[in-house]
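What the coordinates show
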Amino acid sequence: MNRTSKHIVIVGGGYVGMYTGLRLQRTLRRELRNGSVRITLIDPQSYMTYQPFLPEAAAGSISPRHVVAPLRRVLPKVRILNGKVAKVNHEQRQLTFEPSVGEPREIGYDVVVMAAGSISRTLPIPGLADAAIGFKSVGEAIALRNRVLALLDRAESTDDEEVRRRALTFVVVGGGFAGIEALAELQDMTDDAISYYPSIKKSDLRWVLIEATDRILPEVGPEMGTWTAEQLRERGIELKMSTRLNSVVGGLVETSDGDSFESATVVWTAGVKAAPIVNSGDFPLDERGRIKTTTKLTVSGVEGAFAAGDVAGVPDLTHPGEYCAPNAQHAVRQAKVLGDNVTAYLRGRPLKDYKHKYVGSVAGLGLHKGVANVYGVKLRGWPAWFMHRTYHLSRVPTTNRKVRVMADWTLSLFFRRETVSLGEIEHPRDQFRAAAAG
Ligand SMILES: Cc1cc2nc3c(=O)[nH]c(=O)nc-3n(C[C@H](O)[C@H](O)[C@H](O)COP(=O)(O)OP(=O)(O)OC[C@H]3O[C@@H](n4cnc5c(N)ncnc54)[C@H](O)[C@@H]3O)c2cc1C
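The rules behind these values
Residues numbered from 1 in each chain as written. Predicted model: local features only at pLDDT ≥ 70, side-chain atom pairs only at ≥ 80, totals over all residues. Heavy atoms only, no water. Phe/Tyr/Trp six-rings, centres within 6.5 Å; stacked < 30°, edge-to-face > 60°. Helix = DSSP H or I, 4+ residues; strand = E, 2+ residues; numbered from the N terminus. Buried < 20%, exposed > 50% of the residue type's maximum accessible area, 1.4 Å probe, protein only. Pairing = 2+ DSSP bridges. Axes fitted to C-alpha atoms, helices over the stretch in contact; angles between N-to-C directions. Near = heavy atom within 4 Å. Polar contact = N/O pair within 3.5 Å; in protein donor to acceptor, adjacent residues only side chain to side chain. Nonpolar A, V, L, I, M, F, W, Y, C, P; charged D, E, K, R; others polar. Domains from an automatic or database assignment. UniProt positions renumbered as here; feature names shortened; annotations may be inferred. Salt bridge = Lys/Arg side-chain N within 4 Å of Asp/Glu carboxyl O. Core = buried A, V, L, I, M, F, W, Y, C linked by side-chain atoms within 4.5 Å. Contact = heavy atoms within 4.5 Å.

Regarding the packing of aromatic side chains
For the structure shown, the criterion picks out eight aromatic pairs. Measuring from centroid to centroid gives 5.9 Å for Y15 and Y50, while their planes differ by 40°, and the two rings are tilted. Taken together, the positions of Y15 in helix 1 (residues 15-27) and Y50 in the loop between strand 3 (47-49) and helix 3 (54-59) put the pair 35 residues apart, joining distant regions of the chain. Here Y15 falls in the buried class, since its relative accessible area comes to 11%. The buried category is assigned to Y50, whose relative accessible area is 3%. An angle of 10° between the planes, with centres 5.2 Å apart, marks the rings of W382 and F386 as stacked.

Right, here's the structure in full:
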C-alpha cells in the first residue's frame, strides 16, 4: 500500500455513498491507477437499496434481489468494508470501524464523506417498538410481505372471529410516499390474493391509514394529494386524517379520535431522522440533528469533510432559508456535485454549489394505478403508473438491474403475481432444532 496516498473514506453505501463512489472512480481514474488516491466505502450491507422499489418488492411485482445493487460489482475500484462506523474523530482524521465480527479498529483518512442516510423517526408511543415494523430496508419490506400473506393464511384457517378480525386489520402510520405506496401496493396485493381464500371477502379486509396532518402525499402537491385520498377511500381504505396513534400495546391500536381496535400489523412510516452516527462524531449539527452542511456539500466549518443526503442539512439554494428535503432526487444529484467537489478539493481547485429545484414526484398506488406531479404535469391512474415505472426503470442503477426489473414486470403481464408467504425463511433453523431435540 502506498503510505503517501490520499485516503477517501465514504461512510454509507446508499444513494449518496454509491453514486459518490461511482463519480470518484471516474474523475480520479488516473490517481486510483497510480496509487496516489485510495477509496474505501463502509456499510453494514454489501448492497445499495433502491428504496423507491421497496413497495413493489413488498407487493411481489419485483424480486427482492433486483431492488438492490451489489456494491463490489458497481464499484470495482473502491474497497468495500462491511460493518458500521461507530465513531468519527475528524480532528484526528480517524474513525472507528466495527466489522460485523471481530474487534473494532481505527481507520485513518484524509477526506471523509458522510453518507449514512436516515433511520425511522419514532415517538415514545406505548407498545410501538414491540408491535410495529418500519419500511426502509429490503428486509423490512419482505418481512412485511410475508407477514401480510401469512395473516391471510391465519384468517382462512381459524374459526375464532377475534383472531380473524385482528389478522385482517392492517395499519399504516404516516402518509408520505413511503407510507402511501406501501399501503396502496399491499392493499392491491391482498385484493388480488383473496381469490385463493374462499372464506375471505374483500369487505373482511380492513386497511387503515393514520396521518397526523390533514393531507397525504405532500410530495405531489395538495391537488394530487386530495385526489389520491379520494382514490384510496374508493378502494375501501380508511383514512384517519388529523389523527395520532396514541398506543399500540400488544397490538391494541388506540387513536386520538377515540377509536380502538386490534391489529396484527402496524407499519410505521411517520418520518425519518439522521442516522445515529451523527451523535458519535465531532461534526456540527443543525436544529434537526443532521450534519450541518454548506451549499458546497462540505461540513460547515471544517476541512476535509463532506456530507449529503438524508444525514445532512443541505441549504436549498432554490428556497433560501430552507433545507433540501430528504429524498432520492436530491441525494443522487448531491452525490454528483459532492464527488466533483472532493476531486476539486484534492486538486486544489474551487468547489461548486449544489442547486436543484425539486421537480415533483411520481408514486405507484398498485398495479396500473398511480399519481404524478412532475414539472407541473399532473397525471392520474394508468398514465401516472406508467410514468412511475419508466422513470424508476431509468433511474435504478446498472443495466443489469434495469433488465432484471423489466423481466419481472414483463413476466407479470403473463402470469398472476406470486402470493405465497415465505415467513419460514425468517426462522430457518426451527425445524432442524426441533428434529435435533428429538
Ligand atoms: C419506501 C421508500 C420509498 C421512497 N421513495 C422515494 C421516491 O419515490 N423518490 C424519492 O426521491 N425518494 C424516495 N425515498 C427516499 C430516498 O430513498 C432517500 O431519501 C435516499 O435513500 C437517501 O439517500 P442516502 O444516501 O442519504 O441514504 P440511504 O440510501 O438510506 O443510504 C444510507 C446508507 O448508510 C448506511 N449506514 C448507516 N449508518 C451507518 C454507519 N454508522 N456506518 C456505515 N454505514 C452506515 C446504511 O446502511 C445505508 O446503506 C423513499 C424512501 C423509502 C424508505
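So much for the structure itself; the text now carries on.
Quick notes on the sheet that holds strand 22 (residues 360-364)
Either a parallel or an antiparallel arrangement is found when strands of a sheet pair, and the pairing is made through backbone hydrogen bonds. If you walk across this open sheet you meet the three strands as 22-23-24, and the pairing is antiparallel. Because the sheet does not close on itself, it has two edges, and the strands there are strand 22 and strand 24 (377-380). Averaged over all pairs of adjacent strands, the angle between their axes in this sheet comes to 5°, without regard to strand direction. With four bridges joining them, strand 23 (residues 370-374) and strand 24 adopt antiparallel strand pairing. What sits directly across from V374, in strand 24, is V377.

Digging into the site of the ligand
Close to the ligand lie 29 residues, the nearest being V16, D43, Q51, D310 and A328. A distance of 2.9 Å separates an oxygen atom of the ligand from a polar backbone atom of D310. For the ligand, an oxygen atom lies 2.9 Å from a polar atom in the backbone of A328. When residues of the shell around the ligand are traced back to their parent elements, those giving at least two are helix 1, strand 2 (37-43), strand 5 (79-89), helix 8 (177-193) and helix 10 (328-346). The dominant element in the shell around the ligand, judged by the number of residues it contributes, is helix 10, at three residues. Counted by class, the shell around the ligand contains 16 nonpolar, nine polar and four charged residues. Counting only domains with at least three residues in the shell around the ligand, you end up with domain 1 (6-119 + 273-347) and domain 2 (128-270 + 360-424).

Remarks on the UniProt feature "domain: FAD/NAD(P)-binding" (unreviewed entry) in the protein
Feature annotation in UniProt assigns "domain: FAD/NAD(P)-binding" (unreviewed entry) to the following positions: residues 7-319. Each end of residues 7-319 is marked by a C-alpha atom, and these two atoms are 35 Å apart; helix forms 29% of the span and strand 27%.

Describing the pattern of salt bridges
Applying the stated criterion to the full structure yields 21 salt bridges. R416 is the partner of D192 in a salt bridge, and the nearest nitrogen-oxygen pair spans 3.9 Å. Placement of D192 in helix 8 and of R416 in the loop between helix 12 (399-414) and helix 13 (430-436) is noted, with a sequence separation of 224 residues between them. We classify D192 as partly exposed; its relative accessible area is 26%. With a shortest N-O distance of 3.1 Å, D286 and R290 are connected by a salt bridge. Judged by its relative accessible area of 7%, R290 is buried. In this structure, a network of salt bridges that share partners links the residues D188, D192, K369, R416 and R417.

Details of the nonpolar core
Formed by 111 residues in total, the largest nonpolar core has its most connected members in I8, L95, M114 and L152. In terms of residue count, helix 6 (residues 138-157) provides more of this core than any other element does, nine residues in total. When residues are assigned to domains, this core turns out to be shared by domain 1 (6-119 + 273-347) and domain 2 (128-270 + 360-424), each giving three or more. Discounting chain neighbours no more than four positions away, the residues touching I8 are L24, L28, V37, R38, I39, T40, V111, V113, V342 and L346.

A closer look at the pairing of strand 1 (residues 6-11)
Strand 1 sits mainly inside the fold: five of its six residues count as buried. As paired elements, strand 1 and strand 2 share six bridges and run parallel to each other. Bridge assignment links K6 to a residue of strand 2, and that residue is V37. Pairing analysis gives four bridges linking strand 1 to strand 8 (residues 111-114), with the strands arranged parallel. Bridge assignment links V9 to a residue of strand 8, and that residue is V112.

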